[in-house]
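# Per-entry structural report
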Amino acid sequence: MGLLALIPALYLGWGIGANDTANAFGPQVGARIVSYRRAVILVALFAFLGAVVEGHKIFPTLGGLTRLTLDMGIVAVLGAGASVNLMTRLGLPVSTSHSIVGALVGVGLFGMTGFNAQGLAKVGISMVTAPIGAAVFAYGLYRLLERTTARMSGALLFQRSVTYIAVGVGCYAAYAMGANNVGNAMAPYVAVGILSPVWAAAIGGAAMAVGALTYSRNVMMVIGTKITALDPVSAMVATLATALTVHLFTQWGVPVSTSQSIVGAVVGVGLTKGMVAVNPRLLWMIPGGWILSVVSAGATAYAVLALYSLIR
């Protein structure tokens, strides 16, 4: 039972890596700073590192949203995994954090186990503050750098420096992603006592690394090329804004959407060129995918748990 129980967590961890890799290196790949192959290798390494070093900070918030049994935890993770991987197949960046929250709410409603109002409030607030904060930060930082980069953009040394900095920022973003998002797959297992925080972080980080290496291209291209045109400086700024936002929320123990943060940051950079520079169709499609993922994860988890209770 122990190994079989981990399959849904590995499935969701794989899906997180596949969907969220774009949040660290999508802008750099879109701006042709780094190749897709090199980007996913770097994400795999640094996401695993972030998960192992700081992933435990998110476990208490997610694991404490409702009183879980083993069955409820497994079903919640399975429901979130199915939702995340559907959105990944469609090429839509999705909130893996809010998918697991939706699934936990679904199983909590079925089991009538009650909810931690403070924990839900933290997550709810982050849904608004993370993308807006990343957008504001990216907009302000780009404006601050704009005059300097305009004078130096032709210098070879400057171009090389921007390239190296952008890659370093992507590694930092991957680290922050691993630290914040590993709990989405593993927190329920820690909450019910199946895994220690150390083992949960390591297993979840490894699953995320595999997802990054094997199935991240679809969402990578959406983030990097289809929201707005990105140059090396704007790619660097968008990724840095995302990394700082996500890492800050990790210190507070709040699971936050790296997808929402990177989309907010890319939009913030795009708005420095005017609203016409931002693809309006994707601005509707991507938030729609966020809402759909939360609702579908919750509904799937509720339905699976109901079916399981009938046949058990």
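Here, every reference points to the structure presented above.
Because the structure is a prediction, the values reported are computed rather than measured.

Located in the positive-phi region is Arg32, a residue other than glycine, with phi close to 60°. Here Arg32 lies in the loop between helix 3 (22–30) and helix 4 (36–54). Residue classification places Arg32 among the exposed residues on the basis of a relative accessible area of 77%. In this structure, Met112 is a non-glycine residue whose phi angle is positive, near 50°. Of note, Met112 is situated in the loop between helix 7 (96–111) and helix 8 (117–152).

Turning to the pattern of salt bridges, a few remarks are in order. Oppositely charged side chains are able to pair whenever their charged atoms sit close together. Considering all chains together, one arrives at one salt bridge under this definition. Across the pair Glu54 and Lys57 runs a salt bridge whose closest N-O atoms are separated by 2.7 Å. By relative accessible area, which is 8% here, Glu54 ends up buried.

Axis separation between helix 12 (residues 232–251) and helix 13 (residues 258–271) bottoms out at 8 Å; the angle between their running directions is 140°. Crossing handedness for the pair helix 12 and helix 13: right-handed. Contacts between helix 12 and helix 13 involve Ser234, Val237, Ala238, Thr239, Ala241, Thr242, Thr245 and Val246 from the former and Thr258, Ser261, Ile262, Ala265, Val266 and Val269 from the latter. Residue composition of the contact of helix 12 with helix 13, by class: eight nonpolar, six polar and no charged.

Evaluation of the coordinates by the stated rule reveals three aromatic pairs. Centroid distance Phe249 to Trp252: 5.4 Å. Interplanar angle 80°. Geometry classified as edge-to-face. For Trp252, a relative accessible area of 52% translates into the label exposed. The ring of Tyr36 is capped by Arg217, whose NZ or CZ atom sits 4.1 Å from the centre of that ring.

On to helix 10 (residues 197–214). With 18 residues, helix 10 should reach 26 Å at 1.5 Å per residue; the first-to-last C-alpha distance of 26 Å fits that figure. Those residues of helix 10 not exposed but buried are Ala200, Ala201, Gly204, Gly205, Ala207, Met208, Ala209, Gly211 and Ala212.

Our next topic: the side chain of Ser83. With respect to the element layout, Ser83 can be found in helix 6 (residues 70–89). Contact partners of Ser83, with chain neighbours within four places excluded, come to Ser99, Ser293, Ser296 and Ala297.

Contact pair helix 4 / helix 10: the axes reach a minimum separation of 8 Å and the direction vectors enclose 170°. For the element pair helix 4 / helix 10, the angle class is roughly antiparallel. Here Tyr36, Val40, Ile41, Val43, Ala44, Phe48, Ala51 and Val52 of helix 4 come into contact with helix 10, specifically with Ala201, Ala202, Gly205, Ala206, Ala209, Ala212 and Leu213. The residue inventory of the contact of helix 4 with helix 10, partitioned by class, reads 14 nonpolar, one polar and no charged.

Quick notes on the rules
- Residues numbered from 1 in each chain as written.
- Predicted model: local features only at pLDDT ≥ 70, side-chain atom pairs only at ≥ 80, totals over all residues.
- Heavy atoms only, no water.
- Helix = DSSP H or I, 4+ residues; strand = E, 2+ residues; numbered from the N terminus.
- Buried < 20%, exposed > 50% of the residue type's maximum accessible area, 1.4 Å probe, protein only.
- Salt bridge = Lys/Arg side-chain N within 4 Å of Asp/Glu carboxyl O.
- Axes fitted to C-alpha atoms, helices over the stretch in contact; angles between N-to-C directions.
- Left-handed = near helix turned anticlockwise from the far one by under 90°.
- Contact = heavy atoms within 4.5 Å.
- Nonpolar A, V, L, I, M, F, W, Y, C, P; charged D, E, K, R; others polar.
- Phe/Tyr/Trp six-rings, centres within 6.5 Å; stacked < 30°, edge-to-face > 60°.
- Lys NZ or Arg CZ within 6 Å of the ring centre and 35° of its normal.
- Expected span 1.5 Å × (residues − 1).
- Parallel < 35°, antiparallel > 145°, perpendicular 65-115°, else oblique.

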